[in-house]
Amino acid sequence: IVNPVSGSGRAKAEFEAVKPLLAARGVPYDAVYTEYPGHAAKIAADAVASGCRRVVAVGGDGTLSETASALVYTDAALGALPLGTGNDFARVARFPAGLEQAVANLVAGNVVKMDAAEANGLFFINVAGFGFDVEVLTQTLKHKQKHPRGMTPYLLGILDALGNLRPIRMVIEHDGERIETEGIVLSVGNGQYIGGGMRAVPMADPFDGYLDCVYIEKIGVPRFLALLPGFLKGRHIKKPIVHHFRTKELRVETGEACVLDYDGDLRSSTPAVFRVLPGALNVLLPGEAR
């Protein structure tokens, strides 16, 4: 399943280099190109229904998430050629990045059970949440109209979002605990990374049967700017204003409805119930990856 616009066209271009690698291994396959948002999920569902047992997402995080959503609780295995801009989930899931290694994994990789997740019944594979990251995503999409390539729109989105930084009243319930706080962001991670390598949820492991939740208390722009360098590397978790817990399920209510970010796709809103789906996906990984 090839997303021709992933990575500003990188996926479509580099897939041409993949074809002879597959041919050299004598691998029969069908390549289908997505045409609209949500198309990857439909293609994947149709492939499973027709008997396909290996379905490969060629593109970025959005393509991977869409494809995976159709494979949950089936016996089909998810493979990946991570050719998007950020490839955040591929990092923590340990999908090979180099074309030669990635193709070898598609042919001879091990089938491993991996977790997925849902919020309000809607699927995500990497990170979901609300607050500052949603504002960044909203602003980033605006900048992509003028700067369609690279990380420039995301960096500009961060700068614009800082101007709209505001606290959110939250009530978080999990495992019999109730937390009332004001914060600027809440991230629920099956994976660790957002925005092309920012370690928002640095402890998350999509193979451990848990979700990791990180929320940041109410702070102003100067303190948040001071926090950002650590956020890039996952070191923000050591700050006293940053809180982390691990759970299989949590419920969140907010003072006003907040839009939720699902792997970079804005859908639904608070109140929200987040749940892990342990071992819900079969994925193809090299033997040394787990």
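Treat the numbers as computed from the prediction; the structure is a model and nothing was measured.

Rules used throughout
- Residues numbered from 1 in each chain as written.
- Predicted model: local features only at pLDDT ≥ 70, side-chain atom pairs only at ≥ 80, totals over all residues.
- Heavy atoms only, no water.
- 1 Å grid on protein atoms, 1.4 Å probe; cavity = no way out; pocket = protein on both sides within 12 Å on 5 of 7 lines; lining within 4 Å.
- Points joined across faces, edges and corners; volume = space filled by probe spheres on them.
- Helix = DSSP H or I, 4+ residues; strand = E, 2+ residues; numbered from the N terminus.
- Buried < 20%, exposed > 50% of the residue type's maximum accessible area, 1.4 Å probe, protein only.
- Pairing = 2+ DSSP bridges.
- Right-handed = clockwise from strand over helix to strand, strands pointing away.
- Disulfide = S-S within 2.5 Å.
- pLDDT = per-residue confidence, 0-100.
- Lys, Arg positive; Asp, Glu negative; His and termini not counted.
- Salt bridge = Lys/Arg side-chain N within 4 Å of Asp/Glu carboxyl O.
- Contact = heavy atoms within 4.5 Å.
- Polar contact = N/O pair within 3.5 Å; in protein donor to acceptor, adjacent residues only side chain to side chain.

It is not clear to me how empty space enclosed by the protein should be interpreted in this structure. Could you clarify?
A water-sized probe rolled over the atoms picks out the places where empty space is left. Evaluated as defined, the whole model comprises 3 cavities of 30 Å³ or more. The wall of the largest cavity is formed by 13 residues, among which Phe132, Asp133, Ile194, Met198 and Phe231 lie closest to the centre. Where the lining of the largest cavity is concerned, the elements lending two or more residues are α6 (132-143), α7 (152-162), β7 (177-189) and α8 (221-233). Considered as a void within the structure, the second largest cavity measures approximately 50 Å³ in volume. Within the residue set of the lining of the second largest cavity, elements represented by two or more residues are β1 (54-59), α3 (61-69) and β2 (77-82). Here the lining of the second largest cavity gets 3 residues from one element, more than from any other, and that element is β2.

Sorry, what's going on with the pairing of β2 here?
Successive residues of a regular strand alternate their side chains across the two faces of the sheet. Where burial is concerned, most of β2 is hidden: 6 out of the 6 residues are buried. Burial along β2 is two-sided: the face carrying Ala77, Gly79 and Leu81 and the face carrying Leu78, Ala80 and Pro82 are both buried. Of the strand pairs in this sheet, β1 and β2 are connected by 6 bridges, and their pairing is parallel. Note on β2: the bridge partner recorded for Val58 is Leu81. The handedness of the β1 to β2 crossover, carried by α3, is right-handed.

Where do I start with the state of the cysteines in this structure?
In protein structure, a disulfide is the covalent linkage between the sulfur atoms of two cysteines. Overall, the coordinates contain 0 disulfides when judged by the stated rule. In this structure Cys213 is a free cysteine whose sulfur lies 14 Å from that of Cys258, the closest cysteine sulfur available. Cys258 gets classed as buried once you look at its relative accessible area, which sits at 6%.

I keep staring at the confidence of the model for the chain and nothing clicks. Help me out?
Interpretation of the predicted coordinates at a detailed level should be avoided for regions scoring low in pLDDT. On average, the chain scores 90 in pLDDT, and the residues at 70 or more come to 97%. Taken element by element, the predicted model of the chain shows its lowest mean pLDDT in α7 (75) and its highest in strand β12 (residues 249-254) (98).

How should the side chain of Asp133 be read in this particular structure?
Within the element layout of this structure, Asp133 appears in helix α6. In this structure, Asp133 is buried with no salt-bridge partner, the nearest side chain bearing the opposite charge being Arg166 at 11 Å. The residues touching Asp133, leaving out its near neighbours within four places in the chain, are Val185, Ser187 and Asp261.

What's the story with the environment of Val27 in this structure? I'm lost.
Residue position: Val27 is located in the loop between α1 (10-24) and α2 (39-49). Residue contacts for Val27: discarding those within four places in its chain leaves Leu22 and Val107.

Teacher, can you tell me more about the side chain of Asp263 here?
Here Asp263 shows up in the loop between β13 (259-262) and β14 (265-269). No salt bridge forms around the buried Asp263; measuring N to O, its nearest opposite-charge neighbour Arg267 is 6.6 Å away. Among the polar contacts made by the side chain of Asp263, one reaches the main-chain amide nitrogen of Ile125 at a distance of 2.7 Å. Here Asn126 takes part through its backbone nitrogen, which lies 2.9 Å from a polar atom of the side chain of Asp263. The contacts of Asp263, once residues within four sequence positions are left out, are Ser65, Phe124, Ile125, Asn126 and Val127.

What is the right way to look at the pairing of β7 in this model?
As paired strands, strand β5 (residues 127-131) and β7 are joined by 5 bridges and run antiparallel to one another. The residue of β7 that forms the bridge with Ala128 is Val188. Of the strand pairs in this sheet, strand β6 (residues 168-174) and β7 are connected by 7 bridges, and their pairing is antiparallel. Following the sheet pairing, Met170 is matched in β7 by Thr181. Where β6 hands over to β7, the hairpin turn is made up of 2 residues, of which Asp175 adopts a positive phi near 50°. Both β7 and strand β10 (residues 211-217) contribute to a ladder of 6 bridges, which runs antiparallel. Bridge pairing in β10 links Leu186 to Tyr215.

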